[in-house]
Amino acid sequence: MAKILIIDDRQLNRQFLTTLLGYQHHDLHEASDGAEGLRIARQQHPDLIISDVLMPTMDGYEFVRRLREEPEIGKTPVIFSTAHYLSREAQSLAEKCGVTSIIYKPCEPQVVLDTVAAALTEQVEPKPEDPVQPEEFDREHLQLLTDKLAEKTGQLRDAHGKLTALIELSTELAEERDPAVLLDRYCSVAREVIGARWTLVVLLDRNRKKVQHLGIVGIDLKDTPELRSALLKTGVFKTLMNEGRTICLSDVTSAPAALRLPDSLPRVGSLIVAPLAMRGHIDGWICLADKLGLNAFSEQDERLAMALAAKMAVAYDNACLYSDSMKYAGKLETEISERAKAERKLSESRTRLAGIINSAMDSIITIDSDQRIVMFNGAAEKMFRCTAAEAIGQSLDRFIPERFRAKHKGHVQDFGKTHVTRRSMGAVGALYGLRADGEEFPIEASISQIDSEGRKLYTVILRDVTERKHVEESLRENQERTHAIIQTTLDGIITMDHKGQIVDFNPAAERIFGYRSSDVIGRELGDVIIPPDLREQHRRGLDHYLATGEGPVLGKRIEINGWRADGSLVLLELSITRMPGGDLPVFTGFVRDISERKRAEEELRESAERYRLLFENNPHPMWVYDLETLSFSAINEAATQHYGYSREEFLSMTIKDIRPREDVPALLEHLSKLSGGIDEADIWRHRKKDGSIIDVEITSHEFVFAGRRAELVLANDITERKQAEKEIRRLNKELEQRVAQRTAELSAVNKELEAFSYSVSHDLRAPLRHINGFSQALLEDYEDKLDEVGKGYLNEVRQASHEMAQLIDDLLQLARVTRSEMRREEVSLSELANKVVQGLQEMNGHRSVAVNIEAGLTARGDKRLLKIVLTNLLGNAWKFTSRRKAAEVAFGEAEKNGENFYFVRDNGAGFDMTYVNKLFGAFQRLHTTAEFEGTGIGLATVQRIISRHGGRVWAEGMVDEGAAFYFTLPSLKEIRNGKQSDLTG
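Residues numbered from 1 in each chain as written. Predicted model: local features only at pLDDT ≥ 70, side-chain atom pairs only at ≥ 80, totals over all residues. Heavy atoms only, no water.

**Side note on the overall build of the protein chain**
And step 1. Helices and strands together make up the secondary structure of the protein chain, namely 28 helices and 34 strands.
And step 2. Looking at the 985 residues of the protein chain, the share that counts as buried comes to 38%.
And step 3. Sequence separation of 24 or more characterises 55% of the internal contacts of the protein chain that already satisfy a separation of 6 or more.
And step 4. Summing over all exposed atoms, the protein chain offers an accessible surface of approximately 58,000 Å²; the carbon and sulfur share of this is 52%. (Helix = DSSP H or I, 4+ residues; strand = E, 2+ residues; numbered from the N terminus. Buried < 20%, exposed > 50% of the residue type's maximum accessible area, 1.4 Å probe, protein only. Contact = heavy atoms within 4.5 Å. Areas by Shrake-Rupley, 256 points an atom, 1.4 Å probe, with all protein chains shown as cover.)

**Some words on a positive patch on the surface**
And step 1. Together, Lys341, Arg344, Lys345 and Arg352 line one region of the surface with positive charge.
And step 2. Checked against the element boundaries, Arg344 lands in helix 10 (residues 299-359).
And step 3. Overall, the relative accessible area of 51% leaves Arg344 in the exposed class. (Patch = residues over 30% accessible without salt bridge, like charges linked within 9 Å, V, L, I, M, F, W, Y side chains within 5 Å. Salt bridge = Lys/Arg side-chain N within 4 Å of Asp/Glu carboxyl O. Lys, Arg positive; Asp, Glu negative; His and termini not counted. Charge placed at Lys NZ, Arg CZ, Asp CG, Glu CD.)

**Side note on helix 1 (residues 11-22)**
And step 1. Look at helix 1: 16 Å from first C-alpha to last across twelve residues, which is about the 16 Å you get at 1.5 Å a residue.
And step 2. Buried within helix 1 we find Arg14, Leu17, Thr18, Leu20 and Leu21. The buried residues of helix 1 occupy an angular sector of 165 degrees when projected down its axis, which confines them to one face.
And step 3. Residues of helix 1 that are buried sit in contact with strand 1 (3-7), strand 2 (27-31), strand 3 (48-52) and helix 5 (109-120). (Expected span 1.5 Å × (residues − 1). Arc of directions from axis to C-beta.)

**What about the packing of helix 3 (residues 60-68) against helix 4 (residues 87-97)?**
And step 1. Remark: helix 3 packs on helix 4, axes separated minimally by 10 Å, with the N-to-C direction vectors making an angle of 15 degrees. Comparing the axis directions of helix 3 and helix 4 gives the class roughly parallel. Taken as a pair, helix 3 and helix 4 cross one another with a handedness that is right-handed. Facing Tyr61, Val64 and Arg68 of helix 3, the residues of helix 4 in contact are Leu93, Lys96 and Cys97.
And step 2. Tallied by class, residues from the contact of helix 3 with helix 4 come to four nonpolar, no polar and two charged. (Axes fitted to C-alpha atoms, helices over the stretch in contact; angles between N-to-C directions. Parallel < 35°, antiparallel > 145°, perpendicular 65-115°, else oblique. Left-handed = near helix turned anticlockwise from the far one by under 90°. Nonpolar A, V, L, I, M, F, W, Y, C, P; charged D, E, K, R; others polar.)

**Structural notes on the sheet that holds strand 31 (residues 887-896)**
The strands that make up a sheet pair up through hydrogen bonds in the backbone, lying either parallel or antiparallel.
And step 1. With mixed pairing, the five strands of this open sheet are ordered in space as 29-31-32-34-33. At either margin of the open sheet sits one strand with a lone partner, and together these are strand 29 (849-853) and strand 33 (953-957). Recorded for the sheet is a direction-independent mean angle of 20 degrees between the axes of neighbouring strands.
And step 2. Examined bridge by bridge, strand 33 and strand 34 (residues 963-967) share five bridges and lie antiparallel to one another. Bridge pairing links Gly957 to Ala963 in strand 34.
And step 3. Along the sheet, helix 25 (residues 829-843) contacts strand 29, strand 31 and strand 32 (899-906); its crossing angle with strand 29, the most-contacted strand, is approximately 165 degrees. (Pairing = 2+ DSSP bridges.)

**A closer look at the pattern of salt bridges**
And step 1. In this structure the tally under the stated criterion is 43 salt bridges.
And step 2. Overlapping salt bridges, with partners in common, bring together Arg385, Arg435, Asp437, Glu439 and Asp464 in one network.

**Some words on the side chain of Glu192**
And step 1. Mapped onto the elements of the fold, Glu192 is located in helix 7 (residues 179-194).
And step 2. Judged by its relative accessible area of 18%, Glu192 falls in the buried class.

**Thoughts on the nonpolar core**
And step 1. Ranked by internal contacts, the top residues of the largest apolar core, which has 40 residues, are Leu829, Leu874, Phe891, Phe965 and Phe967.
And step 2. Elements with a contribution of two residues or more to this core: helix 25, strand 29, helix 26 (863-881), strand 31, strand 32, helix 27 (938-948), strand 33 and strand 34.
And step 3. Beyond its immediate sequence surroundings of up to four residues, Phe967 is in contact with Leu870, Leu873, Phe891, Phe901, Tyr902, Ile946, Arg952, Val953 and Trp954. (Core = buried A, V, L, I, M, F, W, Y, C linked by side-chain atoms within 4.5 Å.)

**Quick notes on helix 3**
And step 1. Those residues of helix 3 not exposed but buried are Gly60, Glu62, Phe63, Val64 and Leu67.
And step 2. Turning to helix 3, the residues buried within the fold contact strand 1, helix 2 (34-44), strand 3, strand 4 (78-83) and helix 4.

**Remarks on the sheet that holds strand 2**
And step 1. In spatial order, the strands read 2-1-3-4-5; together these five strands make up an open sheet with parallel pairing. Two strands bound the open sheet, and with one partner strand each, they are strand 2 and strand 5 (101-105). Mean inter-strand twist for the sheet, computed between neighbouring axes without regard to direction, equals 20 degrees.
And step 2. By the bridge criterion, four bridges tie strand 3 to strand 4 in an arrangement that is parallel. Its bridge partner being in strand 4, Ile50 is matched across the sheet by Ile79.
And step 3. Together, strand 1 and strand 2 form the strand contacts of helix 2, whose direction differs from that of strand 2 by roughly 145 degrees.
And step 4. The sheet strands contacting helix 5 are strand 1, strand 3, strand 4 and strand 5, and the helix crosses strand 3 at an angle near 130 degrees.

**Re a nonpolar patch on the surface**
And step 1. A cluster of nonpolar side chains, namely Tyr328, Leu332 and Ile336, defines an oily patch on the protein surface of about 340 Å² accessible area.
And step 2. Checked against the element boundaries, Ile336 lands in helix 10.

**Some remarks on the state of the cysteines**
And step 1. The tally for this structure, following the rule as stated, stands at zero disulfides.
And step 2. The cysteine Cys287 is free of any disulfide, with Cys187 supplying the nearest cysteine sulfur at 8.9 Å. (Disulfide = S-S within 2.5 Å.)

**Here we look at the pairing of strand 19 (residues 557-563)**
And step 1. As paired elements, strand 19 and strand 20 (residues 569-578) share seven bridges and run antiparallel to each other. Within strand 20, the residue paired with Ile560 across the bridge is Leu572.
And step 2. Where strand 19 hands over to strand 20, the hairpin turn is made up of five residues, of which Gly567 adopts a positive phi near 90 degrees.

**Some remarks on unusual backbone geometry**
Peptide bonds are trans in most cases, and residues, glycine excluded, mostly fall at negative phi.
And step 1. You will see that His25, though not glycine, has its phi angle at about 60 degrees, which is positive.
And step 2. Structurally, His25 is set in the loop between helix 1 and strand 2.
And step 3. At Gln371, a position not held by glycine, the phi torsion is positive, near 65 degrees.
And step 4. Exposure remark for Gln371: the relative accessible area of 8% places this residue in the buried category.

**A short note on the environment of Val374**
And step 1. Turning to its location among the elements, Val374 is positioned in strand 12 (residues 373-376).
And step 2. Distance in space between the C-alpha atoms of Val374 and Ala391 is 8.5 Å, their sequence separation being 17 residues.
And step 3. Excluding its chain neighbours within four sequence positions, the residues that come into contact with Val374 are Thr366, Ile367, Asp368 and Ile392.

**Observations concerning the environment of Ile502**
And step 1. When you line up the elements, Ile502 lands in strand 18 (residues 502-505).
And step 2. A residue is classified by how much of its surface remains accessible, and Ile502, at 1% relative accessible area, is buried.
And step 3. Separated by 86 residues in the primary sequence, Ile502 and Thr588 place their C-alpha atoms 9.7 Å from one another.
And step 4. Those residues within four positions of Ile502 in sequence are excluded, and the remaining contacts are Ile494, Thr495, Met496, Val520, Ile521, Gly522, Arg523, Leu525 and Val528.

**Thoughts on the confidence of the model for the protein chain**
And step 1. Residue-level pLDDT values for the protein chain average 79, and 81% of them are 70 or greater.
And step 2. Considering each helix and strand of the protein chain separately, the mean pLDDT is smallest for strand 13 (residues 422-424), with a value of 41, and largest for strand 34, with 93.
And step 3. In this model residues 124-145 is a low-confidence stretch, pLDDT under 50, and it forms six contacts with partners more than four residues away in sequence or in other chains. (pLDDT = per-residue confidence, 0-100.)

Dropping the structure here:
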């Protein structure tokens, strides 16, 4: 059994072959033309193809050529099938495309079966053996006679076949009455009988300036206005119309321009064009192009074409005459019948008219020239809620609202002045009727004028359109809602006509593609939003749909790249549908920008991959277990190594199996209280495979895993940490005991320091006050009795007492900053520095010192102690720069090597860096070129305060070129990063 594809445009031929080959149980497939045959061959991969030579849009040679270009089916054997009278042409085609077998129609069934069997087994039918001739016979003479006889026999067979085809055509078309069908059928038969690759027949209109009918057989050529126009211009068809003769060309390419085909037709090698002459005029022509399998048409072909053209012209003319006569006869018969019917119905019309009027669904009212009602049907009674007896004799105004009465009267008056027999009142504006109960309602009206017994009457037909108005209003609201949805939807909606041109482009499409609707409406869709590399595919798809009604993407969701106005690509989800109704297709595309969604999906994929890597490679044990069955769903490598179970053992266990038996009730109670999300870390006991019990810190998160509630767990073995914590608690207890002991010792020292401070303050300040007071009194009371030497001594005494008092103050301050309790808070160093400078200015008479303090400096510390630091540093800077002409002092913040620090810088006397290491010791003085007084306690105090804050202090300087003092505060970084700190110390 073989798979065989049969290609023939005639159903009867296909039915003969399928019935015959079906007896041998072959798998048979059918196609009606070459294009369909190629498509089925690609799908089915047949073992053999039987193809007709002449098909509607593709001959056998073109079919086999395309078949051989297909890699998968190119070697499929092919048998040609054709009429006997085309044997010469078929044989020539077969030799050109490598076909070895031909079936001539009609033929005996056994011949078909033998030819198919030979083709399937790749056997060439053996040639018949030459008959044995007597030796004395003249062989050469016999051969010559045999060849001539065979040639004559072939010619007679071909002529007989063509004659038979023409007889069948005449018989077939004898009853055909449609002239256009007749022309197309003659065109098709002419192609088959003469053996042309394609034919066309052209019939002109009465003025012979336009193509009235165009028939094309053998090529896929669209009938367009451009093609029809080209057929009438210069070329072979124009020459035929001018000369009125048949034109036969064996080499069209070398013919003059006046004998060539229009450019809109395919190029051909040979050509026959025969005129269609009717009643002495040339009204068209038949054209046969490219002799099938041969280089040129024969004289016999030319004569046959002329005969067919003459036969075609006569048949077409007769068909037209017959059609016209039948139309006239029918019309005449209709008129006679209608007249008889009219005479019969005239007597019945009056009786039936009353019934029709009373049964009509529309209100029918007849009025006279004075607009008095003379007839009022049943529908009018229901419409106006008034009986006919009440209405007849009344003015029609009774049933018209007052605001419409003037319009109605003018309408009837105008009607009476003209010969118009019917007029729609709805065309002049909205009308309303008035019911007997006073209700107004919308109506449509028409008026007809009739003559009855010498007087004019008017029939008014009224229709209540209340319901229709409601329907129209609902339709309008639906249209508005639809428009609003289209305008506000987040998806782009683009409508395209059958030519591929955009007819609607909603705002969402404008946002997606960057165009305004006014810029793209009327343009081809492919040129606007289709990327350049996909435009040709888009056009082919549209052409394919228009030709076949099949669209590969209609009704489907696909992902495709779109082309924005700025030339960038956007990833879209596209769905195309054909809008219902209309003869020509209209397509609507729905587009959605899925760039962000794709990016999110990619991020989700990457996130899932990161989760997998984190889960699998996490050094801590991790697992997932089902919250309903408590069985493990996933386990990482760290868990198997830490607990000693294999992955398979874990997946066969539940969470209860790794807990000590006595802890299971607590576990179940804990699980019953889960509320979702991430749980706080809990401490649990777990049992390893070797039976050892470990303490683990569990962090869990409830989520959905494989469609079920599950919990992700991270376990941190804290057994060693708990042991370390126990040891730390023991050490802390020992430390607390030592601290208590040290605190007691420091308390005793502090008491001694307090006693010393009191002694210094009381026992030294009191004598100094006496010395200072008495020396001042001597200078003031005995100024006249003291000489200059005495006054000098007293001033020396006073100065010494002042220095001693300053020394006592500095010593007491140093003691206080050493032992006083610190209170930490957020401190504005900039504000403190400004207050210190303000005090220096007031105390020193606003000396000319330029002080630059950086704004916004903050720190965390004891505000009282930090003020002492700034007072000492800024005071020293002021003192050592005050004698400069352009004295400058600066306070700010800087950073070096990743460390932030504060600085106080001046351009004063400076100091020798040789002594920088002694600078912050008690009772050390600055070594400068100038003479300044001081106790040497201030910088030692600064150093102790900064040390108590956890910082450090240092200095840099050069003699007579200024000095800079730096200090750090560890809490500076916390303030800058906005971290919350305990400001209470």
